[in-house]
Amino acid sequence: AIKIKKEVANAFVKRTKRSSPYEWYFEYYKSPLEQMHERCENYPPCDYLSDQVGFAMAYNRFFG
């Protein structure tokens with residue numbers, strides 16, 4: 001039999017329980033809004049402008 005430390009086993013079990021199919025889904029299929037936010041954050045001029053005028057206006061300015 002394979003022996004592992006109790007803490008290690010517990011941490012592993014807790015981690016697997018937490019990631020439900022629902023969470024997996026959102027990890028892989030992000031909402032369009034989430035994708036837009038990431039696109040803006042990854043583009044420095046858009047990221048900067050969104051701090052000034054808000055996300056929607058900044059996004060439309062660069063990608064609209």
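What counts, and where the lines are drawn
- Residues numbered from 1 in each chain as written.
- Predicted model: local features only at pLDDT ≥ 70, side-chain atom pairs only at ≥ 80, totals over all residues.
- Heavy atoms only, no water.
- UniProt positions renumbered as here; feature names shortened; annotations may be inferred.
- Helix = DSSP H or I, 4+ residues; strand = E, 2+ residues; numbered from the N terminus.
- Contact = heavy atoms within 4.5 Å.
- Phe/Tyr/Trp six-rings, centres within 6.5 Å; stacked < 30°, edge-to-face > 60°.
- Buried < 20%, exposed > 50% of the residue type's maximum accessible area, 1.4 Å probe, protein only.
- Lys NZ or Arg CZ within 6 Å of the ring centre and 35° of its normal.

As named in an unreviewed UniProt entry, the protein is MGP protein, taken from Cinclus mexicanus. On record in UniProt, under Subcellular location (unreviewed entry), the comment for the protein is "Secreted". Under the UniProt heading Sequence similarities (unreviewed entry), the note attached to the protein is "Belongs to the osteocalcin/matrix Gla protein family."

Novice: Quick one: what's the story with the environment of Asp47, residue by residue and with numbers?
Specialist: For Asp47, the position within the fold is in helix 4 (residues 44-53). Between the C-alpha atoms of Asp47 and Tyr59, which are 12 residues apart in sequence, the distance is 8.7 Å. If near-sequence neighbours (up to four positions away) are discounted, Asp47 is found in contact with Cys40 and Glu41.

Novice: Before we move on, could you go through the packing of aromatic side chains and cite the residues and values that matter?
Specialist: Enumeration over the complete set of coordinates arrives at 4 aromatic pairs. Between Tyr43 and Phe62 the ring centres are 5.4 Å apart and the planes differ by 75 degrees, which places this aromatic pair in the edge-to-face class. Taken as a pair, Tyr43 in the loop between helix 3 (32-41) and helix 4 and Phe62 in helix 5 (residues 55-63) lie far apart in primary sequence, 19 residues in all. According to the relative accessible area criterion, Phe62 is partly exposed, its value standing at 31%. Here a set of aromatic residues connected by ring pairs shows up, and it is made of Tyr43, Phe55, Tyr59, Phe62 and Phe63. One Lys or Arg, Arg61, reaches over the ring of Phe62 and ends 5.4 Å from the middle of that ring.

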